[in-house]
Amino acid sequence: MDLLSNTVQPYAWGSRTAIPRLMGTPPTGEPQAELWMGAHPAAPSRVDRGHGPLPLDRVIGSDPATELGTPTLRRFGPRLPFLLKLLAADAPLSLQVHPDSARAEAGFALENALGVPLDAPHRTYRDPHHKPEMIVALTPFHGLCGFRSVRQCADLLDALAVPALRPHLEVLRTRSEETALAEVFTAFLSPPEGLLGTVTEAVTTAAAHLGPHQKDFLCYAEVARAHPGDPGLLAALMLRRVELRPGEALFLGAGVPHAYLSGLGVEIMANSDNVLRCGLTSKHVDAAELVRVIRFSALPGRVLAPREQAGEEVYPIPVDDFRLSRFRLRRVERPRPLPAGVPRIVLCVEGAARVTSMATGDTLRIGPGQSLYVPAAEAVYLAGEGVVFRATVGTEAADDSPPGPCEGDEAT
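Residues numbered from 1 in each chain as written. Predicted model: local features only at pLDDT ≥ 70, side-chain atom pairs only at ≥ 80, totals over all residues. Heavy atoms only, no water.

A. Broad picture of the overall build of the chain. Per the secondary structure count, the chain includes twelve helices and 23 strands. Dimensions of the chain along its principal axes, counting C-alpha atoms only, are 70 × 50 × 40 Å. Evaluated residue by residue, the chain yields a buried proportion of 55% over its 412 residues. Counting every atom, the chain has about 17,400 Å² of accessible surface; 53% of that belongs to carbon and sulfur. Separation between the mean location of the 40 positive side-chain charges and that of the 47 negative ones in the chain comes to 4 Å. (Helix = DSSP H or I, 4+ residues; strand = E, 2+ residues; numbered from the N terminus. Buried < 20%, exposed > 50% of the residue type's maximum accessible area, 1.4 Å probe, protein only. Areas by Shrake-Rupley, 256 points an atom, 1.4 Å probe, with all protein chains shown as cover. Lys, Arg positive; Asp, Glu negative; His and termini not counted. Charge placed at Lys NZ, Arg CZ, Asp CG, Glu CD.)

B. Region of interest: helix 8 (residues 177-189). If you check helix 8, its first and last C-alpha atoms are 18 Å apart, about what 13 residues at 1.5 Å a residue would give, namely 18 Å. Regarding helix 8, the residues found buried are Ala-180, Leu-181, Val-184, Phe-185, Phe-188 and Leu-189. Looking straight down helix 8, one finds that the buried residues subtend no more than 155 degrees of arc, so they occupy a single side. For helix 8, the secondary structure elements touched by its buried residues are strand 9 (141-147), helix 6 (150-158), helix 7 (166-174), helix 11 (232-236), strand 13 (276-279) and helix 12 (287-293). (Expected span 1.5 Å × (residues − 1). Arc of directions from axis to C-beta. Contact = heavy atoms within 4.5 Å.)

C. Spatial organisation of unusual backbone geometry. Within the chain, Leu-280 stands out as a residue other than glycine whose phi angle is a positive 60 degrees. Within the secondary structure layout, Leu-280 lies in the loop between strand 13 and helix 12. Judged by relative accessible area, which is 2%, Leu-280 ranks as buried. The phi dihedral of Ala-310 falls on the positive side, at around 55 degrees, and the residue is not glycine. Tracing the backbone through its elements, the reader meets Ala-310 in the loop between strand 15 (307-309) and strand 16 (312-314). Assessed through its relative accessible area of 82%, Ala-310 is described here as exposed.

D. Fine view of the pattern of salt bridges. Going through the model one piece at a time under the given rule, you end up with 24 salt bridges. Residues Arg-241 and Asp-216 are paired through a salt bridge, measuring 3.0 Å at the closest nitrogen-oxygen approach. Of the two residues, Arg-241 is situated in strand 10 (residues 239-244) and Asp-216 in helix 10 (residues 214-226); the sequence distance between them amounts to 25 residues. Per residue, the accessibility class of Arg-241 equals that of Asp-216, and both read buried. A salt bridge links Arg-390 to Glu-312; its shortest N-O distance comes to 2.6 Å. One end of the pair, Arg-390, is in strand 22 (residues 380-392); the other, Glu-312, is in strand 16, and 78 residues separate them in sequence. This pair shows no difference in class: Arg-390 is buried, exactly as Glu-312 is. Each of Arg-148, Asp-216, Arg-241 and Glu-243 takes part in one network of salt bridges that share partners. (Salt bridge = Lys/Arg side-chain N within 4 Å of Asp/Glu carboxyl O.)

E. Up close: the environment of Ala-65. Mapped onto the secondary structure, Ala-65 falls in helix 3 (residues 64-68). Residue Ala-65 is classed as partly exposed on the basis of its relative accessible area, which comes to 41%. Along the backbone, Ala-65 and Ser-371 are 306 residues apart, and their C-alpha atoms lie at a distance of 22 Å. Excluding anything up to four places from it in sequence, Ala-65 contacts Thr-70 and Leu-73.

F. Representation of the side chain of His-98. Take His-98: it is sitting in the loop between strand 7 (95-97) and helix 5 (101-113). Judged by relative accessible area, which is 1%, His-98 ranks as buried. Ignoring anything within four residues of it in the chain, the contact list for His-98 reads Lys-131, Glu-133, Ala-254, Gly-255, His-258, Asn-274, Val-275, Leu-276 and Val-293.

G. Inspection of the pairing of strand 6 (residues 82-89) at higher detail. Most of strand 6 sits out of view: eight of its eight residues are buried. Because side chains alternate across strand 6, one face comprises the buried residues Phe-82, Leu-84, Leu-86 and Ala-88, and the other comprises Leu-83, Lys-85, Leu-87 and Ala-89, equally buried. Note: strand 3 (residues 34-38) against strand 6, five bridges, orientation antiparallel. The partner of Trp-36 across the bridge, within strand 6, is Lys-85. Direction of pairing for strand 6 relative to strand 12 (residues 258-270): antiparallel, over a ladder of eight bridges. Bridging across to strand 12, Lys-85 finds its partner in Glu-267. (Pairing = 2+ DSSP bridges.)

Below you can see the structure in the form of C-alpha cells.
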C-alpha cells in the first residue's frame, strides 16, 4: 500500500478555503477546486516505493495483474477504472452531460478519423469511455440535476412575466414531454437578440421578492452573476434545483444534464475525460453534440442515502466502474478487514485512520484530506477514529443507464 501525493486543480470556480480547511493547511490564495486521487493520465497521483515518486498510472501499467487483480483487468483492461476527488465549488460549474459507452466509442473514433489531436481545446471525445459520476456531500451541497417536469418548467418561466417566453410556454403546455423539453431547451441554447438580457433582469427582480419560486430565482440569479451574458442561464432554468445534506449523494448517469453550484464533496467517476458542455463555462462548448446525447426526460431528481452493510455504508449505484462506501471508525472497535482482490483508494475526511497490511504488519496513518492506494494483491485492516471513504470497483457488470437522474428521495 502507498501514501498518495495528489494534484490540486486550481479551476476558477473552486473555493479558496474549503479543501485547505479540511486538510488543516494554510490557503494559498488561489482557487483549490479539486484534489485528484487515482491514475488519470492528466494528473495521476504519485507513489514512492523506494525509488522516488512515480505516477500511479505507470506503476499500474508495469504490473496490472498484481495492482488491479484479474477480474478488474479482464473487465476494464490495464487501467484503474475510477477517479476519486475532493471537489470544492464556490461558483457554478459548466452545464454539462456525459455520454454512454456507445456514443463515447463512436465519437472518439470519429474525431480520431478526422485527425483532431487528443489535446486539442476543441476536442469533444478524449477517450472511448462513458463517464458516470457521483458526488457525496461533506457540507451542504447545491446543484442542478435533471429536467423539471414540463408543467414545472412552464410555471417557473411564466412567473418571470417575459412576453418573449410565451411561445415556449405554449410548447411546454401542449406538446409531449420529450418533444417540448427538446424544442425549448434547444431554442434556449441559441436565443434571439435581447432575450437573455431580458430574462436575466427578470430573474434578478424575481429573486428579490417573496413567492413560490423565490428559492429557485435566488439560485438562478447567482448563476447569472457568476456567468454574465451566458445563454446557459436559459437552459439552466429548465433543470431541477437539488440540495444535499452531508452524507447524501447524487448519482449522474449518461445523458443527464447537471451543474454543480456550491459546496464540498467527495466525487467519484469513471476514469474518463468525456464532458459535453453547453454553457456556464469558458471551456469548449459543443451544444449540437450535447443535444444528441442528452436525455429529454423529466425523471424525478433524487438523492442517495448510503445503505448499511456490516458496518460499511455503501452508496448503491447501477454501474460497476466504481463503488464508494463510508466507514465511521471508532477507537474501541476491532480493526475492519478489507480483503484483497480489487484495487482500493482510502480517503480520510475526518479524524484519523490506520491501515495495516495483513501480510507484513506495516501500518500507514492518514488524516483529513490524505489518501492511500491499496493494490489488489494486498489485504489490509482499517482502524482509527474518524470518517473514511473507500473507493474501488463494483463487483457486477451493470447497465450504465440509471432508472433516473439520481436515486433516493425526490429533490426540490
